[in-house]
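# A look at the structure
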Amino acid sequence: MSSLIPHSPIAPRIERLETFLKAVRHSKDRTKAFQKLDANERITIVGSKSIASKKTIAWDGIGNKTLERRVQRLMEEAVKKLFSAKTVATKQPHNAGKKLERQTKIKVEKARRHSLCYALFEKAKPYIDIPSNRKGLPQASSGKTPVYLPKELPIVLKESGSPQNQKRFDQMKQGREICEQSGYENLIIPKARVYGNFIVESRLPITEHGTKEQIGLYIENRERFTSAIKEFTGFLCQSTLNDIRGGTNDAYETLSETPLGRYDNIALYLEEDQGKIGLIDLERFTPECSKQGKRWCFFKCRAAVNLFPYHLDEILDTAKKFDPNIHKYRKDLEIDRDGSLKRFKLVYDDHLDFIVKKNITIKNPLELVEVNSTRKEKIKNTVVLLMRKNHADVWFKNCLGKQPEEVLALFEKSFPKILNLITDFLSQNLKNSINITEETISSYRQLLSCRTVRFGSSNAFYQDLQEKIISELQMLEIKDKFKKISFTSLIIQCVFEELAKSGEIAYYNPRFGYDGYATQCAFY
């Protein structure tokens, strides 16, 4: 590019500055790249003429953020000069200047397609420069990387660390290039910029983030997502994208043997009634597709089917452009489809049927199904049987003391309050879920998500529930605190199971997740 203006230092200046910026971001030999800059550029970057003249620079005294800011400012000034009519007209013949201008505009436009707009980027910097500004910001609930979501700005701040953030930016750029070359209009990769230890991304208009909401959005708008799903299948067949199925600690993972689609990494949303797929986490993405083995395309289709089981035919039709033999694996893919549909039924369809039958709507989202007196007596008797059984077992042996019938009589008097504490727990969780949204519930997808509670030993509401019930179980002969908590949990679990059996709640899962992270879940 620089050869088109032999007398102008502006074009090669941009290239020199780009080389230096890459050295800073990738922790390469920045001094070598620095020495290739002209005197004024060096002075501006290090902020001192005496330092700039040295052959070896003590970079530890100049932070990466400061370096990036100064280099970006120099580059912006250079681009402005490069576009000025005076520079083009006076330094070069007309045709050469026009050619350079076109090439430079293409280069700058390409960078703009990948980069977050500068004005928005500038507004994001204070959140990164001043850590206290991030306190209290909403954060994404899933993933290992801290992700901040400022309410007043349409951006996402991912604290990926350096050089991982630059790697992520490059992956996003590579993914977008596949989409542009293939004409994919409904796969959306956020624009971004790298700054310090963060990658700053544009926030896509995704309003429904939870797994249940995403599943419901897909079920209710499946035709609108057809084009996006075809493009997504093509994208999978042209690249490597992992971490989009299974491996979660989600309550829904155990509802089927088929792995759960990772809607936290592949997010769905509507834009003017057209379904879009946001590729919001490309950490496990590479632009190459090895196509090793006969079943390579099958594995791509299986991932797509786990996410979009209603579109098996469309997925196969798209995939056959990349592997004409893909239809040989249709039966295997039908197994995955059926497993995903089974999960969809339990997670969404059955829960939706439950609230419709119980006359619960978005106008009365806090409504709970009343437990009548007959059912209360039945639940109490079931819990009493549980206590008798554990009185004879090894772990809680003699928990009812020497006069078990008297202890049970005391428990029966306390049971109505215990049952009320459990239903109040559901009510409090529901109120809290609705308050978190900060908006009026406007869809049944949101309503179902709010009426899904996960709880375990680390849940503050559940800890409070346990403490309150323990205070009602003073009649038990259990001195060990851990055993008393365990016994209390058994009673709570028994009550939830009974509520689910007779339809006071839609579903109860007493244990899901891995090892010490195992917890409970209820739909109500």
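As a convention, each chain's residues are numbered from 1 in the sequence order in which they are written. Confidence filtering applies because this is a predicted model: local features only for residues at pLDDT of at least 70, side-chain atom pairs given and counted only at 80 or more, and all residues used for totals across whole chains, interfaces and linings. Side-chain metrics in this entry use all non-hydrogen atoms of the structure; hydrogen atoms and water are not considered.

Once that is clear, we can look at the overall build of the protein. Check the secondary structure of the protein and you find 19 helices and 12 strands. Throughout, exposure labels follow a simple rule: accessible area from a 1.4 Å probe, protein chains only, divided by the maximum for the residue type, with under 20% read as buried, over 50% as exposed, and the rest as partly exposed. Each of the 524 residues in the protein was classed as buried or not, and the buried ones make up 49%. Whether two residues are in contact is decided by their heavy atoms, any of which lying within 4.5 Å being enough. Considering only residue pairs separated by 6 or more positions, the protein has 70% of its internal contacts joining residues 24 or more positions apart. What sets the accessible areas is the Shrake-Rupley method with a 1.4 Å probe; for residues, cover comes only from the shown protein chains. About 26,800 Å² of surface is accessible on the protein, with carbon and sulfur atoms providing 50% of the total. Secondary structure is summarised from DSSP: a helix means a run of H or I of at least four residues, a strand means a run of E of at least two, and numbering begins at the N terminus for each.

Attention shifts here to the sheet that holds strand 8 (residues 274-279). Adjacent strands of a sheet form backbone hydrogen bonds with each other and so pair up, either parallel or antiparallel. Between any two strands, pairing holds if DSSP finds at least two bridges. Sheet architecture is open: 3 strands sit in the order 3-8-7, paired in mixed fashion. Looking at the sheet topology across the chains shown, the edges are occupied by strand 3 (187-188) and strand 7 (266-271). With 6 bridges connecting them, strand 7 and strand 8 associate as antiparallel partners. Paired with Leu-268 across the two strands is Ile-277, which belongs to strand 8. Axis definition: a line fitted to C-alpha atoms, limited for helices to the stretch in contact. Angles are taken between N-to-C directions and run from 0 to 180 degrees. Lying on the sheet, helix 11 (residues 226-238) is in contact with strand 3, strand 7 and strand 8; it crosses strand 8 at an angle near 30°.

Attention now moves to the pairing of strand 4 (residues 192-195). In strand 4, alternate side chains face the same way, and those of Ala-192 and Val-194 on one face and Arg-193 and Tyr-195 on the other are all buried. Two strands pair when backbone bridges link them, and strand 4 and strand 5 (residues 198-202) are joined in this way by 4 bridges, in the antiparallel orientation. Bridge assignment links Tyr-195 to a residue of strand 5, and that residue is Phe-198. The turn joining strand 4 and strand 5, which pair antiparallel and follow one another in sequence, is formed by 2 residues; a positive phi near 60° is taken by Gly-196.

Side-chain atoms within 4.5 Å are what join buried Ala, Val, Leu, Ile, Met, Phe, Trp, Tyr and Cys residues into a set we call a nonpolar core. If you look at the biggest cluster of nonpolar residues, it comprises 104 residues, and the most contacted ones within it are Phe-232, Ile-277, Phe-411 and Phe-496. Here this core gets 12 residues from one element, more than from any other, and that element is helix 16 (residues 404-437). Excluding residues that lie within four positions of it along the chain, Phe-411 makes contacts with Val-383, Val-384, Met-387, Ile-418, Leu-473, Met-475 and Ile-491. Judged by nonpolar contacts, the second largest core, of 18 residues, contains Leu-21, Leu-37, Ile-57 and Trp-59.

Here, expected helix span is obtained from the residue count minus one, scaled by 1.5 Å. Helix length check: helix 15 (residues 373-392) (20 residues) gives 29 Å between terminal C-alpha atoms against 28 Å at 1.5 Å per residue, within 8%. When we look at burial in helix 15, the residues that qualify are Arg-375, Ile-379, Lys-380, Thr-382, Val-383, Val-384, Met-387, Asn-390 and His-391. Any pair of nitrogen or oxygen atoms within 3.5 Å is treated as a polar contact; in protein, a donor-acceptor pairing is required on top of that, and neighbouring residues in sequence qualify only through side-chain atoms on both sides. Looking at where helix 15 begins, the residue whose side-chain oxygen comes 3.1 Å from the main-chain nitrogen of Thr-374 is Asn-372.

It is worth spelling out the packing of aromatic side chains at this point. Geometry of aromatic contacts follows a simple scheme: Phe, Tyr and Trp rings, the Trp one being its six-membered ring, pair when their centres are within 6.5 Å, and the pair is stacked under 30 degrees between planes, edge-to-face over 60, tilted otherwise. Scanning all chains against the criterion turns up 23 aromatic pairs. With 5.9 Å between their ring centres and 50° between their planes, Phe-20 and Phe-34 make a pair best called tilted. Remark: Phe-34 occurs in helix 2 (residues 30-35) and Phe-20 occurs in helix 1 (residues 10-25); sequence separation between them is 14 residues. A single burial state applies to Phe-20 and to Phe-34, both of which are buried. Arranged with centres 5.4 Å apart and planes meeting at 70°, the rings of Tyr-218 and Phe-308 form a pair that is edge-to-face. Within this pair, whereas Tyr-218 is found in helix 10 (residues 211-220), its partner Phe-308 is found in the loop between helix 12 (296-307) and helix 13 (312-319), the two being separated by 90 residues in sequence. This pair shows no difference in class: Tyr-218 is buried, exactly as Phe-308 is. Counting every residue linked through ring pairs, the aromatic cluster contains Tyr-218, Phe-232, Phe-308, Tyr-310 and Phe-344. Two conditions define a charge sitting above a ring: the NZ of Lys or the CZ of Arg must be within 6 Å of the ring centre, and it must be within 35 degrees of the ring normal. Stacked on the ring of Tyr-148, the Lys or Arg Arg-134 has its end atom at 5.6 Å from the ring centre. Directly above the aromatic system of Phe-523 lies the positively charged group of Lys-212, at a separation of 3.5 Å from the ring centroid.

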